[in-house]
Amino acid sequence: MIKAVLSLLVVFKVVAVDDVNYQVLNFIGDAGFYFLPVFLGASAARQFKTNAQLGMLIGAILLHPTFTQIVTTAKESGHGVSFFSIPLTLTSYSSTVIPVILAVWFMSDVERFAIKISPKAVKFFLVPMITTLITAIVTLLILGPIGAVIGNWLGDFFKWLENFGPWVVPTIVGATFPLMVTTGTHYGLVSIGINNRMTIGYDTIAQPGALASNVAQGGAALAIALKTKDTNKKSSFICWDYCDLWDYGTGSLWGNFAK
C-alpha cells in the first residue's frame, strides 16, 4: 500500500522519481520485501517448532552485506567463490521465500540434535552456536541455491499457467478461499504469491482470487447487516466479515472466531 501511495504521489506530481523524497518513500515501501527472509525465518520457526530468534538470524545471514558484496563482486569479475574448496553458488536472497523456509526446516532438526548432545552446563550458548553454524553453512552451500531454483521454477510455471488461461487459477482460488481460510491452507498460497511477486514481478495466484473472495464475503455480510432487523444477527455478520479481513492481514482473529 505504501508503494501504491507513492505511485499516486508521482501521478499527481507531488514527488518526482529522481528526487530524494521519492527515494526515501520507495525504500520504506521496499524494506518489508527486501528483508522478507528475516520475517519468514521467524514465522517458519514457529511452524517447525524451533527457535524464532535463530530463524530470524538465518534470514539475516542470507542478507548480510558482506555476503551480498561477495556475490556481486564475483558475478562482475566472472570468477567463482569457494568456501573451504567447496564452490559457493552466487545467489542473492533478498525478497526470496523458499530458501529460508528450507533453511529453518533443516534448522529445526539441527537444534534438536544440538540440544541432545550439548552438556547441560554449556547448553545455553553451545546449542545456538552449533545450530547457527551448521544451518548457515548448509544453507549457503546447498539449501539456499536449491530454494532459489525452486522459486524460479514456481515463478516460471505460474507465468506459463497465466498465459495458458489467466482466468482459471483466480476463479478457483476465489471460489474456494473461504474453505482454505478455515483450514489454514491459504497460507501456502500467500507464500506462492509473494514468491511470484519477487520472481516475475506480479502475482496472479493468491491476491486476485483472495481479493474477489473477500469483497464478495464483505458485500454479502454488509447486505445482510443492512437488511436484517435482528440486532444480534446484524452484529454477528459485521464481526464475521471483519474477522475474515483481519485474518488475511494478520492471521490472528479468524482462528479464534472459527472456534
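Residues numbered from 1 in each chain as written. Predicted model: local features only at pLDDT ≥ 70, side-chain atom pairs only at ≥ 80, totals over all residues. Heavy atoms only, no water.

Here the focus is the confidence of the model for the protein chain. On average, residues of the protein chain score 80 in pLDDT, and 83% of them reach the 70 mark or higher. Segment residues 240–259 is flagged for pLDDT under 50; beyond a separation of four residues in sequence, or across chains, it makes 35 contacts in the model. (pLDDT = per-residue confidence, 0-100. Contact = heavy atoms within 4.5 Å.)

Okay, the nonpolar core next. Within the largest apolar cluster, 20 residues are counted, with the highest numbers of intra-cluster contacts made by F67 and V104. Looking at this core, the elements with two or more residues in it are helix 3 (36–47), helix 4 (52–62), helix 5 (65–77), helix 6 (98–117) and helix 7 (123–164). Looking at this core element by element, the count peaks at 5 residues for helix 6. Not counting residues up to four positions away in its chain, the partners in contact with F67 are I61, L62, L88, T91, Y93 and L140. By size, the runner-up hydrophobic cluster in this structure holds 7 residues, among which are V173, F177, M180 and A210. (Core = buried A, V, L, I, M, F, W, Y, C linked by side-chain atoms within 4.5 Å. Buried < 20%, exposed > 50% of the residue type's maximum accessible area, 1.4 Å probe, protein only. Helix = DSSP H or I, 4+ residues; strand = E, 2+ residues; numbered from the N terminus.)

Okay, the layout of surface pockets next. Considered as a void within the structure, the second largest pocket measures approximately 340 Å³ in volume. Considering the residues around the second largest pocket, the lining is formed by M1, I2, K3, A4, I28, G29, G32, F33, R197 and Q207. Put simply, the parts of the chain that give the lining of the second largest pocket at least two residues each are helix 1 (2–11) and helix 2 (20–34). Of the residues belonging to the lining of the second largest pocket, the class tally is 5 nonpolar, 3 polar and 2 charged. (1 Å grid on protein atoms, 1.4 Å probe; cavity = no way out; pocket = protein on both sides within 12 Å on 5 of 7 lines; lining within 4 Å. Points joined across faces, edges and corners; volume = space filled by probe spheres on them. Nonpolar A, V, L, I, M, F, W, Y, C, P; charged D, E, K, R; others polar.)

Let us look at the packing of helix 2 against helix 3. The N-to-C vectors of helix 2 and helix 3 enclose an angle of 45°; their axes lie 5 Å apart at closest approach. When the axes of helix 2 and helix 3 are compared, the pair comes out oblique. Seen from helix 2, the contacting residues are G32, F33 and Y34; seen from helix 3, they are L36, P37 and F39. Among the residues making up the contact of helix 2 with helix 3, the classes are represented as 5 nonpolar, 1 polar and no charged. (Axes fitted to C-alpha atoms, helices over the stretch in contact; angles between N-to-C directions. Parallel < 35°, antiparallel > 145°, perpendicular 65-115°, else oblique.)

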